[in-house]
Amino acid sequence: MTELSAETVQRRLAPRAVRYYDRVDSTNDVALEWLRTGAAAGSAVIADEQMKGRGRLGRTWHTPPGVALAVSVVLRPEAAQVAQVTMLGALAIYDLLEGTGLNDLGIKWPNDVQVKARKICGVLPEAAWDGDRLLGVALGMGVNVRMDFTGTELEDTAISLEPALGRWVNRLDLLESLLDRVDFWYARLGTTALFEVWKSRLTTLGRVVTIENVRGVAENVDADGALLVRDDAGTLRRLLAGDVAFG
Ligand code: BTN
C-alpha cells in the first residue's frame, strides 16, 4: 500500500512542518537534528521504512516498508515536564486506537499500548540537551499497522492494527489523527489531568510484576512516571525503566 508519500503527507498535514522519507535510518535521528537547528514544536518526521529504528532499552525497532507508521514529533517541553512526555506518547496512541473502534486497550507501564495484552506500538522519547539546558524532545512513535508477526519470536506478544480490527486502515488517516492527539496532550503537558488519565489506563497497577531482578506488587506510580513496587521483602522500590513481566 502506498498511502504515504511526500506529496500526500505534506498535503494532508499542512501547515504543519513535516519531513517525509520513503526510507531513513531513524525518524528520531532526523527529529533530534532538526530540533537542534530550530524546528518548531509540532514539526513531524515521518518515514515509510526505517533502516535503524530504535526501541527502548537499546533495542532495535523494525519498520519494513508499507506496513507501519513511524513518526517523530519535535516537542519543546520545560525540563520539569520531560517525564510526562513518555505518558503523552502513550496517551496519544491510546486515543488513536480507541478512535478506530478497538476495544480491550491498556497501557503496560511505562508506555506500551496493548490490545488484548499484545503490544501494538512503541514510544521512544529522546531528549536533546545543550549542557544542562533542555533543547527539546523527539517523541518517536511506531505503530504496527499490518506487520505480519507469524513465525517470528513476537508472534505471541505483538499485534497489528488491521488484523485486530479486521479491516484495512489508511495510514495517512492514522497519521493525521495521531498528530491531533499529540497536539491535544502536548497542550496539557505538566497537568495533573494528563498524569491521572495515563495512570487510569495502566494495566500494571495492583498486579504482581517482575522487572529485572525486582519482584513484587506494582502498588502505584508517582508524578515522574516511576513505578512503585512493594517487593517480597516488603520494601517499596522505585523503578524508572524496565520491562514488566506479569507474575
Ligand atoms: C519501544 O521499544 O517500544 C519503542 C519503539 C519506538 C519506535 C519508534 S518508530 C519512530 C521512532 N524512530 C525510531 O527510531 N524509534 C521510534
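Coordinates for the structure precede this section.
Residues numbered from 1 in each chain as written. Predicted model: local features only at pLDDT ≥ 70, side-chain atom pairs only at ≥ 80, totals over all residues. Heavy atoms only, no water.

Things to note about helix α2 (residues 27–36)
Heads up, the condition is: Buried residues are those whose accessible area, probed at 1.4 Å on protein chains only, stays under 20% of the maximum for their type, while exposed residues exceed 50% and partly exposed ones sit between those limits. The helix count covers DSSP runs of H or I at least four residues long, the strand count covers runs of E at least two residues long, and both are numbered beginning at the N terminus. Contact definition: two residues touch when any of their heavy atoms are within 4.5 Å. In protein, a polar contact requires one atom able to donate a hydrogen and another able to accept it; more generally it is a pair of N or O atoms within 3.5 Å, and residues adjacent in sequence count only if both atoms are side-chain atoms.
For α2, the tally of buried residues reaches 7 of 10 residues, placing the bulk of the element in the interior. Those residues of α2 not exposed but buried are Thr27, Asn28, Val30, Ala31, Leu32, Trp34 and Leu35. Check the buried side of α2 and you find it contacts β1 (18–24), β2 (44–50), β3 (68–75), β7 (121–130) and β8 (133–144). One side-chain oxygen of the residue at the start of α2 lies 3.1 Å from the amide nitrogen of Asn28, identifying that residue as Ser26.

Things to note about the pairing of β2
To be explicit about the condition: We call two strands paired when DSSP finds no fewer than two bridges between them. Orient the strands so they point away from the viewer; a crossover is then right-handed if the path from the first strand over the helix to the second runs clockwise.
With 7 of 7 residues buried, β2 lies mostly within the body of the structure. Pairing analysis gives 6 bridges linking β1 to β2, with the strands arranged parallel. Note that in β2 the partner of Val24 across the bridge is Gln50. Crossover connection from β1 via α2 to parallel β2: handedness right-handed.

Quick word on the sheet that holds β1
Quick note on the threshold: Axes here refer to lines fitted to C-alpha atoms; in helices the fit is confined to the stretch in contact. Angles between the N-to-C directions go from 0 to 180 degrees.
Judged by pairing direction, the sheet is mixed, and its 5 strands sit side by side in the order β1-β2-β3-β8-β7 without closing on themselves. A single partner strand is all that each edge strand has here, and the edge strands are β1 and β7. Averaged over neighbouring strand pairs, the angle between their axes works out to 20 degrees when direction is ignored. As defined by bridge partners, β3 adjoins β8 across 8 bridges and the pair is classed as antiparallel. In the strand pairing of β8, Val71 is matched with Met141. Lying on the sheet, helix α1 (residues 6–13) is in contact with β1 and β2; it crosses β1 at an angle near 155 degrees. Sitting on the sheet, α2 touches β1, β2, β3, β7 and β8, and the angle it makes with β8 is about 155 degrees.

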